Amino acid sequence: MTQTDKTVNMEQITGAEALMKSLLNEGVETLFGYPGGAIMPVYDALYDYRDRLNHILVRHEQGAVHAAQGYARVSGKVGCALVTSGPGATNTITGVADAMIDSTPMVVICGQVGAAMLGTDAFQEVDVVNVTNPISKWSYQIRRAEDVAWAVSRAFYIARSGRPGPVVLDFAKNAQTALVDYQPQKVDYIRSYQPKPAINQEAIEQAAYLINHSDRPLLLAGQGIELGNAHNELLALVEKADIPVGCTLLGLSDLPSDHRLNKGMLGMHGNLGPNVQTNQCDLLIAVGMRFDDRVTGNLATYAKQAKIIHFDIDPSEFNKNVKVDVAVLGDCKQTLAAVTEKVHQIRHTEWVNSFEKYEKEEDEKVIERAIHPKDGPLLMAEVIRRVSEATNNEAILVTDVGQNQMFGCRYFKFTKAHSVVTSGGCGTMGFGLPAAVGATFGAPDRTVCLFVGDGGLQMTIQELGTIMEQHSPVKIILLNNNYLGNVRQWQAMFFRHRYSFTPMLNPDYELISRAYDIPAATVTERDKLDEAIQTMLTTEGPYLLQCAVKEEDNILPMTPPGADVDKMILEINDN
């Protein structure tokens, strides 16, 4: 057969349909989106693929990207969002930036004006590529139908490989409508891009040597373990070498909460033990984390007494914030296993037990008071702990941003991996509700519990419409304190209780929820809490449980911004 004959026998379709086929070729099953003029040919093509591509109509483009993030975080797949040009594209920017800093694999496909109109300030034209270049792994404009299959395959390869992240495809309208001889493509190599670096055996040897000669090792477990599915490898290392573990916000389900070596959460509102012991250990082992300022506190005093090993797949993270002694580059699923083979069976009984005094102090001064208050209004911590226990600690935790996030991550407990969905590096209020919707599609067999404040809920409250239409089984626990709680706490602690525009005048959330055909209830009394939680969990589909919590509750412990990581405040005067 001649080359001409091959061309004649190719399937000729529009660029829009080529996108549909390319998405299926990448294993896409679910995408979140909102139609508009410049993406209309794609939506017309999608009409014929509804039985193979499950499109979830959100109520705002920001909801689409956050839902795609929630989907990706719990499923391990690439999230996908589909929006129109101009404001449709710019409404995704926050989610793209959020996904970039939190290493979430996502492909955002935006409509764009026709190639002939680019640069003319045409209706709903925005230079999406240059806007998103600094906040994405790759941003590319598809101007020809012939480039669709290649661009989509390359986009998904970049998004999911190496350190994951968001990719943006700007799809010109002429490329959507033009005909193309479609052939599926599979990109699995890009020159100069090494998503899975070769393991440096010398670094493995050096890391094992430091571990074998350490008396007080401490491992910091980050989201890289979740992304690399290296939970078993982490467990094997810490159990063999008897290493206590502190988890970052996004790494909280790296290790079961009740594991004897899991010493809790790191950072500004983390647990006392791992924060104090960071400045007492003789070896700090960081795995898949980036030494964020909320974890390190004052860099001038951070772990100066310790040797530091850093495992990461992204070489740009090495020595960026903290100078390390050994940099172990590579996929942590492989590098952790390689190091574990070379470490000795060790016991650090005295060191591991030394965390107990900090646990006891935090229990007495903070935790017991928070989860077992004797009187007064409901507290966020007790609500969160009771919800967690009612799900046998097996649910997926989704949070918005603020006190609900910090309380949620401190008091929810985990038994399964891929159980934390929250906005870490970007701290995006409004993230929670759409991300929880995405999580129900990414893990349909699991219970999804969203903890959200009255401020964050109102930022993307329109996504209650998505929940209504999809009957998405999100269990929404609204922790309503009539404040922008986290800002109010900082105003109380650092701005002399000057509550500048943090009190909230709230609507009737129960009424709003019922308007969206979502069952709802409000609980104000402690003795009614367990019954209300059981009703929420046993109700089929979505549910909103509003908890009227103490207005001026504070999330403690707290390392003040810029302070030494081990200088945590456990108690404050509320007056």
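Residues numbered from 1 in each chain as written. Predicted model: local features only at pLDDT ≥ 70, side-chain atom pairs only at ≥ 80, totals over all residues. Heavy atoms only, no water.

**Describing the overall build of the chain**
Using the following cut-off: Only DSSP runs of H or I with at least four residues qualify as helices, and only runs of E with at least two residues qualify as strands; both kinds are numbered from the N terminus onward. As a reference, a globule follows 2.2 Å times the number of residues to the power 0.38, and the radius of gyration itself is taken over C-alpha atoms. Working definition: with a 1.4 Å probe on protein chains only, accessible area under 20% of the residue-type maximum means buried, over 50% means exposed, and in between means partly exposed. Contacts are residue-level and defined by heavy atoms, with any inter-residue pair within 4.5 Å sufficient. The charged-residue count follows a simple rule in which Lys and Arg add positive charge and Asp and Glu add negative charge, with His and chain termini not counted at all. Note that the charge is assigned to NZ on lysines, CZ on arginines, CG on aspartates and CD on glutamates.
Helix and strand content of the chain: 25 helices and 20 strands. A compact globule built from 575 residues would reach a C-alpha radius of gyration of about 25 Å, and the chain, at 25 Å, matches this within 12%. Its C-alpha atoms give the chain principal-axis dimensions of about 75 × 65 × 40 Å. The burial tally for the chain puts 59% of its 575 residues in the buried class. At a minimum sequence separation of 6, the contacts of the chain that also span at least 24 residues come to 76%. Counting 50 positive and 69 negative side-chain charges, the chain places the averaged centre of each group 4 Å from the other.

**Remarks on the sheet that holds strand β3 (residues 54–57)**
Note the following rule: Strands were regarded as paired on the criterion that DSSP finds at least two bridges between them. In this analysis, axes come from line fits to C-alpha atoms, helices being fitted only over the stretch in contact, and the angle between any two N-to-C directions falls in the range 0 to 180 degrees.
Across the sheet, six strands lie side by side as β3-β2-β4-β5-β7-β6; this open sheet has parallel pairing. With partners counted over all chains shown, the strands left at the sheet margins are β3 and β6 (138–142), one partner each. For this sheet the average axis-to-axis angle between neighbouring strands, irrespective of direction, equals 20 degrees. Taken strand by strand, helix α8 (residues 148–160) contacts β4 (79–83), β5 (106–112), β6 and β7 (166–172), and its axis lies near 170 degrees from that of β6.

**What about helix α12 (residues 231–241)?**
Basically, it comes down to this: By construction, the arc corresponds to the directions joining the helix axis to the C-beta atoms.
Buried residues of α12: H231, E233, L234, L237, V238 and A241, and no others. Across the axial projection of α12, the buried residues extend over an arc of 165 degrees, all falling on one side. For α12, the elements touching its buried residues are α10 (201–212), β9 (217–221), α11 (223–227), β10 (245–247) and α15 (332–342). After α12 finishes, the residue D242 shows a positive phi value of roughly 55 degrees.

**Considerations on the domain arrangement of the chain**
Basically, it comes down to this: Note: domain ranges come from an automatic or database domain assignment. What counts as buried area is the accessible surface, traced by a 1.4 Å probe, that two parts surrender upon association, with contributions from both included. Side-chain atoms alone can form a polar contact between residues adjacent in sequence; in general such a contact is a pair of N or O atoms within 3.5 Å, and within protein one must be able to donate a hydrogen while the other accepts it. Three classes are used, and their members are as follows: Ala, Val, Leu, Ile, Met, Phe, Trp, Tyr, Cys and Pro are nonpolar, Asp, Glu, Lys and Arg are charged, and the others, Gly among them, are polar.
For the chain, the domain assignment lists domain 1 (3–182), domain 2 (201–353) and domain 3 (377–548). Contacts between the two partners involve 16 residues from domain 2, matched on the other side by 17 residues from domain 3. Here domain 2 and domain 3 share an interface that buries about 1400 Å² over both sides, 63% of which is from carbon and sulfur atoms. At the boundary of domain 2 with domain 3, the tally comes to seven residue pairs in polar contact (both at pLDDT 80 or more). Here the residues of the side of domain 2 that touches domain 3 sort into six nonpolar, seven polar and three charged.

**Some remarks on helix α4 (residues 61–75)**
Our working rule: Each helix should span, by expectation, one fewer than its residue count multiplied by 1.5 Å.
With 15 residues, α4 extends 21 Å between its outermost C-alpha atoms, agreeing within 8% with the 21 Å of an ideal straight helix rising 1.5 Å per residue. Along α4, 14 of the 15 residues are buried, which leaves the element largely enclosed by surrounding structure. Positioned one or two residues after α4, G76 has a phi angle of 80 degrees, which is positive.

**Description of the packing of aromatic side chains**
The condition that has to hold: Only centres within 6.5 Å qualify two rings of Phe, Tyr or Trp (six-membered ring in Trp) as a pair; their planes then separate them into stacked at under 30 degrees, edge-to-face at over 60, and tilted for everything else.
In this structure the tally under the stated criterion is 13 aromatic pairs. With a centroid separation of 6.1 Å and 75 degrees between ring planes, the pair formed by F32 and F441 is classed as edge-to-face. Residue F32 is located in strand β2 (residues 30–33), and its partner F441 is located in helix α20 (residues 432–442); the two are separated by 409 residues in the primary sequence. Take F32: its relative accessible area is 0%, and that puts it in the buried class. Centre to centre, the rings of Y483 and Y499 are 5.6 Å apart; their planes meet at 75 degrees, and the pair counts as edge-to-face. On the criterion of sequence distance, the pair formed by Y483 in the loop between β18 (474–480) and α23 (485–494) and Y499 in the loop between α23 and α24 (509–515) is long-range, its members being 16 residues apart. Judged by its relative accessible area of 11%, Y483 falls in the buried class. Among the aromatic residues, those joined into a ring-pair cluster are F32, Y71 and F441.

**Let's talk about unusual backbone geometry**
The step from L556 to P557 runs through a cis peptide bond, and the omega angle for that step is 0 degrees. Inspection of the secondary structure puts P557 in the segment after β20 (543–548). With a phi angle near 60 degrees, D121 is a residue other than glycine that sits in the positive phi range. By relative accessible area, which is 72% here, D121 ends up exposed. Its identity as a non-glycine residue notwithstanding, D242 has a phi of 55 degrees, on the positive side. Looking at where D242 falls in the secondary structure, it is placed in the loop between α12 and β10.

**A short note on the nonpolar core**
Condition: Nonpolar cores were defined as sets of buried Ala, Val, Leu, Ile, Met, Phe, Trp, Tyr and Cys residues, with membership established by side-chain atoms within 4.5 Å.
In terms of nonpolar packing, the biggest core is built from 77 residues, with I211, L219, I309 and C547 touching the most fellow members. Residue assignment places this core across two domains, with domain 2 (201–353) and domain 3 (377–548) each supplying three or more. Contacts of I211, omitting those with residues within four sequence positions, involve L237, A241, I243, L283, I285, I309, V339, V343 and I346. Counting residues in each nonpolar core, the second largest holds 40 residues, with L19, A151, A155 and I158 among its members.

**Observations concerning the sheet that holds strand β15 (residues 396–399)**
Strand order in the open sheet formed by six strands is β16-β15-β17-β18-β20-β19, with parallel pairing between adjacent strands. Among the strands making up the open sheet, the edge pair consists of β16 (420–421) and β19 (520–523). The sheet contact formed by β18 and β20 spans six bridges and is parallel. Across the sheet, the residue bridging to L479 is C547, located in β20. Set on the sheet, α20 makes contact with β15, β16, β17 (448–453) and β18; between it and β17 the angle comes to about 175 degrees.

**Thoughts on the environment of I569**
Take I569: it is sitting in the segment after β20. As a C-alpha pair, I569 and I533 span 36 residues in sequence and 32 Å in three-dimensional space. With near-sequence residues (within four places) excluded, I569 lies in contact with M493, L556, P557, M558 and P560.

**A closer look at the pattern of salt bridges**
Going by this rule: Salt bridge, as used here, is a side-chain nitrogen of Lys or Arg placed within 4 Å of a carboxyl oxygen of Asp or Glu.
If you walk through the whole model with that rule in mind, you get 26 salt bridges. Measuring nitrogen to oxygen at the nearest pair gives 3.3 Å for the salt bridge that ties E29 to K77. Residue E29 is located in the loop between α2 (15–25) and β2, and its partner K77 is located in the loop between α4 and β4; the two are separated by 48 residues in the primary sequence. For E29, a relative accessible area of 44% translates into the label partly exposed. Salt-bridge contacts for R386 lead to E382; the nearest nitrogen and oxygen are separated by 3.6 Å. Note that R386 and E382 are positioned in helix α18 (residues 380–390) at a spacing of four residues, about one turn of the helix. A relative accessible area of 21% places R386 in the partly exposed class.

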